[in-house]
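As a plain string of letters, each chain reads:
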Amino acid sequence: MQTYALAAAVLAILIAAVHSVLGEILIFRRLRDGGIVPALSAPPLKERHVRILWASWHLVSVCAAGFSAVLVYLASPGGRYSLAEVVLAAVMFTFLGGALLVLVGTRGRHPGWIGLLGVTALVWAAATSAQ
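Presented here is a report on the structure given in the accompanying data block. (Residues numbered from 1 in each chain as written. Predicted model: local features only at pLDDT ≥ 70, side-chain atom pairs only at ≥ 80, totals over all residues. Heavy atoms only, no water.)

Mapping His58 onto the fold places it in helix α2 (residues 47–75). Not counting residues within four places of it along the chain, the set of residues in contact with His58 comprises Ser20, Glu24 and Leu101. (Helix = DSSP H or I, 4+ residues; strand = E, 2+ residues; numbered from the N terminus. Contact = heavy atoms within 4.5 Å.)

Turning next to the nonpolar core. Core analysis: the largest hydrophobic core is formed by eleven residues, namely Phe28, Leu31, Val37, Val50, Ile52, Trp54, Ala55, Ala99, Leu101, Val102 and Leu116. Elements that contribute at least two residues to this core include exactly α2 and α3 (83–105). A per-element tally of this core places α2 first, with four residues. Non-local contacts of Ala55, meaning those with residues more than four positions away in its chain, are made with Leu101 and Val102. (Core = buried A, V, L, I, M, F, W, Y, C linked by side-chain atoms within 4.5 Å. Buried < 20%, exposed > 50% of the residue type's maximum accessible area, 1.4 Å probe, protein only.)

As a further point, take the packing of α2 against α3. Between α2 and α3, whose axes approach to 9 Å, the crossing angle comes to 165°. As far as their axial angle goes, α3 and α2 are roughly antiparallel. Here the hand of the crossing between α2 and α3 comes out right-handed. A class-by-class count of the residues in the contact of α2 with α3 yields 17 nonpolar, six polar and one charged. (Axes fitted to C-alpha atoms, helices over the stretch in contact; angles between N-to-C directions. Parallel < 35°, antiparallel > 145°, perpendicular 65-115°, else oblique. Left-handed = near helix turned anticlockwise from the far one by under 90°. Nonpolar A, V, L, I, M, F, W, Y, C, P; charged D, E, K, R; others polar.)

The next thing to look at is the pattern of salt bridges. Applying the stated criterion to the full structure yields three salt bridges. The salt bridge involving Glu47 is made with Arg51; its shortest N-O contact spans 2.9 Å. One end of the pair, Glu47, and the other, Arg51, are both in helix α2, four residues apart, so they sit about a helical turn from each other. A relative accessible area of 8% places Arg51 in the buried class. With its nearest N and O atoms 3.0 Å apart, the salt bridge here joins Arg107 to Glu47. (Salt bridge = Lys/Arg side-chain N within 4 Å of Asp/Glu carboxyl O.)

For the rest of this paragraph, the subject is the environment of Phe67. With respect to the helices and strands, Phe67 occurs in helix α2. Judged by relative accessible area, Phe67 falls into the exposed class, the value being 61%. Separated by 63 residues in sequence, Phe67 and Tyr4 place their C-alpha atoms 14 Å apart.

Set out below in C-alpha coordinates:
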(Lines give C-alpha, C1' and ligand atoms only; values in the text may rest on other atoms or scores of the structure.)
Protein backbone atom coordinates (compact mmCIF):
# COMPACT_ATOMS: atom_id res chain seq x y z
CA MET A 1 0.00 0.00 0.00
CA GLN A 2 1.39 3.39 -1.03
CA THR A 3 0.31 5.47 1.97
CA TYR A 4 1.30 8.85 0.53
CA ALA A 5 -0.76 8.37 -2.63
CA LEU A 6 -3.76 7.23 -0.59
CA ALA A 7 -3.39 10.20 1.77
CA ALA A 8 -3.19 12.53 -1.24
CA ALA A 9 -6.38 10.98 -2.68
CA VAL A 10 -8.25 11.40 0.61
CA LEU A 11 -7.03 14.98 0.99
CA ALA A 12 -8.03 15.82 -2.60
CA ILE A 13 -11.55 14.45 -2.02
CA LEU A 14 -11.86 16.42 1.22
CA ILE A 15 -10.70 19.60 -0.50
CA ALA A 16 -13.17 18.98 -3.36
CA ALA A 17 -16.03 18.48 -0.93
CA VAL A 18 -15.14 21.58 1.10
CA HIS A 19 -14.75 23.59 -2.11
CA SER A 20 -18.20 22.62 -3.38
CA VAL A 21 -19.95 22.97 -0.01
CA LEU A 22 -18.41 26.35 0.79
CA GLY A 23 -19.17 27.59 -2.72
CA GLU A 24 -22.80 26.63 -2.23
CA ILE A 25 -22.99 28.26 1.20
CA LEU A 26 -20.95 31.41 0.60
CA ILE A 27 -21.71 32.17 -3.05
CA PHE A 28 -24.54 30.28 -4.66
CA ARG A 29 -27.06 30.03 -1.81
CA ARG A 30 -28.08 33.66 -2.25
CA LEU A 31 -28.44 33.23 -6.00
CA ARG A 32 -30.87 30.34 -5.87
CA ASP A 33 -34.60 30.69 -6.36
CA GLY A 34 -35.55 27.21 -5.15
CA GLY A 35 -33.85 25.04 -7.77
CA ILE A 36 -30.57 23.18 -7.55
CA VAL A 37 -28.89 25.49 -10.07
CA PRO A 38 -28.66 29.15 -9.04
CA ALA A 39 -30.73 31.23 -11.43
CA LEU A 40 -30.78 34.73 -9.98
CA SER A 41 -28.61 37.40 -11.52
CA ALA A 42 -25.88 39.00 -9.42
CA PRO A 43 -24.92 42.28 -11.06
CA PRO A 44 -22.80 42.65 -13.06
CA LEU A 45 -23.45 38.97 -13.86
CA LYS A 46 -26.55 37.92 -15.74
CA GLU A 47 -28.45 34.70 -14.95
CA ARG A 48 -26.66 32.77 -17.70
CA HIS A 49 -23.29 33.85 -16.29
CA VAL A 50 -24.23 32.68 -12.81
CA ARG A 51 -25.32 29.31 -14.21
CA ILE A 52 -22.04 28.63 -16.05
CA LEU A 53 -20.06 29.92 -13.07
CA TRP A 54 -21.89 27.37 -10.89
CA ALA A 55 -21.12 24.55 -13.32
CA SER A 56 -17.48 25.61 -13.63
CA TRP A 57 -17.15 25.93 -9.85
CA HIS A 58 -18.26 22.35 -9.31
CA LEU A 59 -16.23 21.08 -12.27
CA VAL A 60 -13.12 21.74 -10.17
CA SER A 61 -14.46 19.25 -7.61
CA VAL A 62 -15.30 16.70 -10.30
CA CYS A 63 -11.74 16.97 -11.63
CA ALA A 64 -10.33 16.45 -8.14
CA ALA A 65 -12.46 13.31 -7.79
CA GLY A 66 -11.12 11.97 -11.09
CA PHE A 67 -7.52 12.51 -10.02
CA SER A 68 -8.32 10.95 -6.65
CA ALA A 69 -9.54 7.79 -8.36
CA VAL A 70 -6.17 7.46 -10.10
CA LEU A 71 -4.32 8.11 -6.83
CA VAL A 72 -6.35 5.42 -5.06
CA TYR A 73 -5.43 2.97 -7.78
CA LEU A 74 -1.76 3.93 -7.52
CA ALA A 75 -1.94 3.45 -3.75
CA SER A 76 -3.36 -0.06 -4.08
CA PRO A 77 -1.16 -3.11 -4.35
CA GLY A 78 -1.82 -4.64 -7.77
CA GLY A 79 -5.29 -4.72 -9.13
CA ARG A 80 -7.72 -6.17 -11.58
CA TYR A 81 -7.29 -3.27 -14.01
CA SER A 82 -4.23 -1.83 -15.70
CA LEU A 83 -3.10 1.72 -15.02
CA ALA A 84 -4.15 2.68 -18.55
CA GLU A 85 -7.68 1.36 -17.95
CA VAL A 86 -7.97 3.25 -14.68
CA VAL A 87 -6.68 6.50 -16.16
CA LEU A 88 -9.00 6.23 -19.17
CA ALA A 89 -11.99 5.53 -16.90
CA ALA A 90 -11.11 8.43 -14.60
CA VAL A 91 -10.73 10.81 -17.55
CA MET A 92 -13.93 9.57 -19.17
CA PHE A 93 -16.06 9.96 -16.03
CA THR A 94 -14.48 13.33 -15.23
CA PHE A 95 -15.42 14.71 -18.65
CA LEU A 96 -18.87 13.11 -18.44
CA GLY A 97 -19.42 14.79 -15.07
CA GLY A 98 -18.33 18.10 -16.57
CA ALA A 99 -20.67 17.66 -19.54
CA LEU A 100 -23.60 16.95 -17.23
CA LEU A 101 -22.80 19.94 -15.00
CA VAL A 102 -22.68 22.33 -17.96
CA LEU A 103 -25.76 20.76 -19.59
CA VAL A 104 -27.86 20.99 -16.43
CA GLY A 105 -26.33 24.24 -15.20
CA THR A 106 -27.01 26.14 -18.40
CA ARG A 107 -30.08 24.19 -19.51
CA GLY A 108 -28.13 23.19 -22.60
CA ARG A 109 -27.54 26.78 -23.70
CA HIS A 110 -23.76 26.72 -23.30
CA PRO A 111 -22.17 24.58 -26.02
CA GLY A 112 -19.35 23.48 -23.74
CA TRP A 113 -21.31 20.37 -22.74
CA ILE A 114 -21.17 19.15 -26.36
CA GLY A 115 -17.39 19.36 -26.46
CA LEU A 116 -17.04 17.70 -23.05
CA LEU A 117 -19.40 14.92 -24.14
CA GLY A 118 -17.38 14.54 -27.34
CA VAL A 119 -14.21 14.03 -25.30
CA THR A 120 -16.10 11.49 -23.17
CA ALA A 121 -17.15 9.55 -26.27
CA LEU A 122 -13.64 9.59 -27.74
CA VAL A 123 -12.08 8.42 -24.48
CA TRP A 124 -14.69 5.65 -24.26
CA ALA A 125 -13.80 4.66 -27.83
CA ALA A 126 -10.10 4.65 -26.94
CA ALA A 127 -10.78 2.51 -23.87
CA THR A 128 -12.90 -0.03 -25.73
CA SER A 129 -10.54 -0.26 -28.70
CA ALA A 130 -7.58 -0.90 -26.40
CA GLN A 131 -9.14 -4.10 -25.05
